[in-house]
Amino acid sequence: MIIWLTGLPGAGKTTIAYKVKAMLAAQGVESEILDGDEVRKKISADLGFSPEDRATHNRRVIDIAKKLSEDRVVLISLISPIRSVRNHAREVLSPRFAEVYVKCPLEVCMKRDPKGLYAKAVRGEVKNLTGYNDPYEDPLEPELVIHTDRETVDESACRVLSLIPQSQPKSIPR
Ligand code: ADP
């Protein structure tokens, strides 16, 4: 199963991915997180943030996710602002793919600003920041929408967990 968490910077994708991973581990289910920023440093250091480069980066993530998902749950935390790229992921990874829209108003994301990116963008030091000065294309038919300004991390993580068949407790026949 591949859970694709998409949303604005600071919406809570990474926080929720780690919570879900911990919940799965508690059930003995192995999972791997592909964090957009981390993966970018490792496999896409040659790329920038133009639409073409973002699409290339996301395609590389899709390839890795496909391989990893053969024997574990894959949690992808990736802004992935381009709808056509997410739809490509759906086509390639279906039927094990679920898109989760981690939704949070821009003002709240800007207040959280966990990486200081919005502050930099406001000062003009960062260009192409999704949501601020670069477009984010809302998912049209995601499997799940979570509202991190209204739900706790635990609530959101439990809702994501419900998408993962491996996480359902198995009933033991008597
Ligand atoms: P992203 O990966 O989407 O860029 P992060 O997970 O790195 O976002 O940061 C989200 C920030 O918002 C964290 O500091 C987290 O503690 C905080 N936060 C507050 N409420 C929530 C919530 N309900 N769900 C997820 N994150 C939340």
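None of these values were measured; they are calculated from a predicted model. (Residues numbered from 1 in each chain as written. Predicted model: local features only at pLDDT ≥ 70, side-chain atom pairs only at ≥ 80, totals over all residues. Heavy atoms only, no water.)

**Thoughts on the packing of helix 1 (residues 13-26) against helix 7 (residues 153-161)**
- Taken N-terminus to C-terminus, the directions of helix 1 and helix 7 make an angle of 65°; their axes are 9 Å apart at the nearest point. Handedness of the helix 1/helix 7 crossing: right-handed. In this structure, helix 1 contributes Thr-15, Ile-16, Lys-19, Val-20, Met-23 and Leu-24 to the contact, and helix 7 contributes Val-153, Asp-154, Ser-156, Ala-157, Cys-158, Val-160 and Leu-161.
- Looking at the contact of helix 1 with helix 7 residue by residue, the class counts come to nine nonpolar, two polar and two charged. (Axes fitted to C-alpha atoms, helices over the stretch in contact; angles between N-to-C directions. Helix = DSSP H or I, 4+ residues; strand = E, 2+ residues; numbered from the N terminus. Left-handed = near helix turned anticlockwise from the far one by under 90°. Contact = heavy atoms within 4.5 Å. Nonpolar A, V, L, I, M, F, W, Y, C, P; charged D, E, K, R; others polar.)

**Let's talk about the nonpolar core**
- Residues Ile-3, Val-20, Val-100, Val-160 and Ile-164 are the most contacted members of the largest nonpolar core, which totals 31 residues.
- Those elements that place two or more of their residues in this core are strand 1 (2-6), helix 1, strand 3 (73-77), strand 4 (97-103), helix 6 (117-122), strand 5 (144-147) and helix 7.
- Val-160 has contacts with Ile-3, Ile-16, Val-20, Val-100, Leu-144 and Ile-146, leaving out every residue within four places of it along the chain.
- Counting 14 residues, the second-largest nonpolar core is a separate cluster that includes Ile-62, Val-74, Ile-76 and Phe-97. (Core = buried A, V, L, I, M, F, W, Y, C linked by side-chain atoms within 4.5 Å. Buried < 20%, exposed > 50% of the residue type's maximum accessible area, 1.4 Å probe, protein only.)

**Comments concerning the packing of aromatic side chains**
- Evaluated as defined, the whole model comprises two aromatic pairs.
- Geometrically, the ring pair formed by Trp-4 and Phe-97 is tilted, given 6.0 Å between the ring centres and 50° between the ring planes. Placement of Trp-4 in strand 1 and of Phe-97 in strand 4 is noted, with a sequence separation of 93 residues between them.
- Phe-97 sits in the buried class, given a relative accessible area of 5%. (Phe/Tyr/Trp six-rings, centres within 6.5 Å; stacked < 30°, edge-to-face > 60°.)

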